[in-house]
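Residue-level listing of the chains:
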Amino acid sequence: MERGPQQRASAAPSVIAHEASGIGFEGVSVAYGSQTILESLTLSVKPGEIVALIGPSGSGKTTALRAVAGFVQPSAGRITIGNRDVTRLPPYARNIGMVVQNYALFPHMRVEDNVAFGLRARGAGAEVIRERVPECLGLVGMAKYAKRYPRELSGGQQQRVAIARALAIRPQVLLLDEPLSALDAQIRRSMLDELAKLHRSLPSLTVLYVTHDQTEALTLANHIGIMRDGHLVAYGDAQGLYRRPPNRFAAEFLGRANVLPAQQLEPMADGRARVRFHGQLLEGGNHHGLAAGAACFVCVRPHDLQFVPGAAEPLADGQRLNQLTGVVVSVQWLGEMHSIVLDVEGEMLRLTCSPLAQPPEPGTSLTVRFDPADVTLVPEGERHG
Ligand SMILES: Nc1ncnc2c1ncn2[C@@H]1O[C@H](COP(=O)(O)OP(=O)(O)OP(=O)(O)O)[C@@H](O)[C@H]1O
Ligand SMILES: [Mg+2]
């Protein structure tokens, strides 16, 4: 069927004119001198996807991004953008837009000239610049500010201009390195919404987003990779990774988790397993296929624990809930919730719940229950790669 003029008008903006391209890391290692910073990173970002790389400071996130941009040369492995091997290409030939934490705009240039900078450097004509600059500023809600100087903008506005500048060259991929970390919490939240909106209007833009803020990753990303000491230690879709973390580090880095050491795993029929924790049996999902007899960790989120008011009854036979009793160590009211820490056999167990009119007293005994469906058994060691 012929497309009517209205449909044509509502088509995606021309900023991303070409086919979406993914990013591939195939066994990429980066070393500075004799020190290996990135160890055989293999990861693929599908076209049009947002992948967040998270991890503690120094874990190699920026290095991974710089390798894609071409600012560092891998000592081993291949980097692809779409079906092009870009490993040996100089940065300017990679067709990448990049925004970093304090991407200082050129202070002596008006917003419009900042956005046009990459285009001019690539020899774009005046007509292209006249069309592309307002289009990109419009995408980040900054069309009205074209004539301002950076010093006349707030931090959040400056980052929007930096994003418009990165988009102006019609990059195949957008690399964002902690783009919101210099902004205060409230502006960061609204910028997160803006970034999500931007991606909805440019659905074919592939984004690799580096952050150490798990909320940003969970809010924006389709997939999340967790880095530790130059290794990718976990990768998965945001919900799956949160609900079924593959190891202790991932469980504790992405959201808060209770992680209890357990022994003598006994696989059960339905993909679950039973383990021993100080003489008690606990049940959970054996999503990672741990072997019979293994030691492991029981991982359960604080909001998945329910406390049993009053004196707890033993669980009836066949009632498939986990139950633990401990001594209340601390009770904190955090406005929208209470956070209670229990000492169970020397392990600290945190539970969060809606604010309580009569919170338990420290020093008293408290019983909590949790559903095996909310438990993931994670291996003791980490499997790199
Ligand atoms: N140019 C360099 N020369 C030598 N070592 C470097 C260089 N750049 C980074 N490193 C080291 O590489 C490691 C990884 O750095 P990278 O910047 O990738 O970490 P990051 O995960 O981005 O951390 P952050 O969250 O603090 O930004 C660090 O130990 C850092 O000191
Ligand atoms: Mg960094």
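Only a predicted model underlies this, so the values are computations on that prediction, with no experimental measurement involved. (Residues numbered from 1 in each chain as written. Chains lettered and ligands numbered in written order. Predicted model: local features only at pLDDT ≥ 70, side-chain atom pairs only at ≥ 80, totals over all residues. Heavy atoms only, no water.)

Peer 1: What exactly am I supposed to notice about helix H6 (residues 185–201) here?
Peer 2: Because the α-helix completes a turn every 3.6 residues, residues three or four places apart line up on one side. For H6, spanning 17 residues, the distance from its first C-alpha to its last is 25 Å, which sits close to the expected 24 Å at 1.5 Å a residue. Every buried residue of H6 is accounted for by Met191, Leu192, Leu195, Leu198 and His199. The arc that holds every buried residue of H6, seen down its axis, measures 125°, which confines them to one face. Residues of H6 that are exposed and point over 90 degrees away from its buried face: Gln186, Arg189, Asp193 and Arg200. In this structure, the buried residues of H6 make contact with strand S3 (50–54), helix H4 (126–139), helix H5 (155–168), strand S7 (173–177), strand S8 (206–210) and helix H7 (214–220). (Helix = DSSP H or I, 4+ residues; strand = E, 2+ residues; numbered from the N terminus. Expected span 1.5 Å × (residues − 1). Buried < 20%, exposed > 50% of the residue type's maximum accessible area, 1.4 Å probe, protein only. Arc of directions from axis to C-beta. Contact = heavy atoms within 4.5 Å.)

Peer 1: For this particular structure, what's the right way to read the nonpolar core?
Peer 2: A general feature of soluble globular proteins is that nonpolar side chains tend to end up buried together. Ranked by size, the top nonpolar core spans 51 residues in total, and within it Val115, Leu167, Tyr209, Ile224 and Ile226 carry the most contacts. Broken down by element, the residue count for this core peaks at seven residues, all from H5. The residue makeup of this core includes at least three contributed by each of domain 1 (16–243) and domain 2 (248–311 + 320–379). The residues touching Ile224, leaving out its near neighbours within four places in the chain, are Ala52, Ile54, Ala217, Leu218, Ala234, Tyr235, Gly236, Ala238, Leu241 and Leu254. In this structure, Ile23, Leu65, Ala67 and Ile79 belong to the second largest nonpolar core, which totals 27 residues. (Core = buried A, V, L, I, M, F, W, Y, C linked by side-chain atoms within 4.5 Å. Domains from an automatic or database assignment.)

Peer 1: So what exactly am I meant to see when it comes to the packing of aromatic side chains here?
Peer 2: How two aromatic rings sit relative to each other is given by the distance of their centres and the angle of their planes. Scanning the model with the defined rule gives two aromatic pairs in all. With a centroid separation of 4.6 Å and 50° between ring planes, the pair formed by Phe106 and Phe117 is classed as tilted. Of this pair, Phe106 sits in the loop between strand S6 (96–100) and helix H3 (111–121) while Phe117 sits in helix H3; the two residues are eleven residues apart in sequence, bridging distant segments of the chain. With a relative accessible area of 27%, Phe106 lands in the partly exposed category. Note on Phe249 and Phe253: the rings are 5.7 Å apart at their centroids and 15° apart in plane angle, and the pair reads as stacked. With Phe249 and Phe253 both in helix H9 (residues 248–253), this residue pair falls four residues apart, about one helical turn. (Phe/Tyr/Trp six-rings, centres within 6.5 Å; stacked < 30°, edge-to-face > 60°.)

Peer 1: When you look at the domain arrangement of the protein in this model, what are you seeing that I'm missing?
Peer 2: For an interface, size is often stated in terms of accessible area lost upon the parts coming together. With domains assigned, the protein is organised as domain 1 (16–243) and domain 2 (248–311 + 320–379). Between domain 1 and domain 2, the C-alpha centre-to-centre distance is 38 Å. The partner domain 2 presents ten residues to the 16 residues of domain 1 that form the contact. Carbon and sulfur atoms supply 67% of the area that domain 1 and domain 2 bury against each other, a total of about 1100 Å² over both sides. (Buried area = accessible area lost by both parts, 1.4 Å probe.)

Peer 1: Can you help me understand the side chain of Thr211 in this one?
Peer 2: Mapped onto the fold, Thr211 is located in the loop between S8 and H7. For Thr211, the side chain forms a polar contact with the main-chain nitrogen of Asp213, separated by 2.8 Å. Within the structure, the side chain of Thr211 is placed 3.1 Å from the side chain of Glu216, a separation counted as a polar contact. Here Thr211 is in contact with Leu53, Ile54, Gly55, Lys61, Glu178, Glu216 and Ala217, once residues within four sequence places are set aside. (Polar contact = N/O pair within 3.5 Å; in protein donor to acceptor, adjacent residues only side chain to side chain.)

Peer 1: Quick question: what am I supposed to make of the pairing of S7 here?
Peer 2: The two faces of a sheet get side chains in turn, since along a regular strand they alternate between them. Counting buried positions along S7 yields five of five residues, so the element is predominantly enclosed. Going residue by residue along S7, you find Val173, Leu175 and Asp177 tucked away on one face and Leu174 and Leu176 tucked away on the opposite face as well. Examined bridge by bridge, S7 and S8 share five bridges and lie parallel to one another. Following the sheet pairing, Val173 is matched in S8 by Thr206. In this view, the connection linking S7 to its parallel neighbour S8 by way of H6 has right-handed handedness. (Pairing = 2+ DSSP bridges. Right-handed = clockwise from strand over helix to strand, strands pointing away.)

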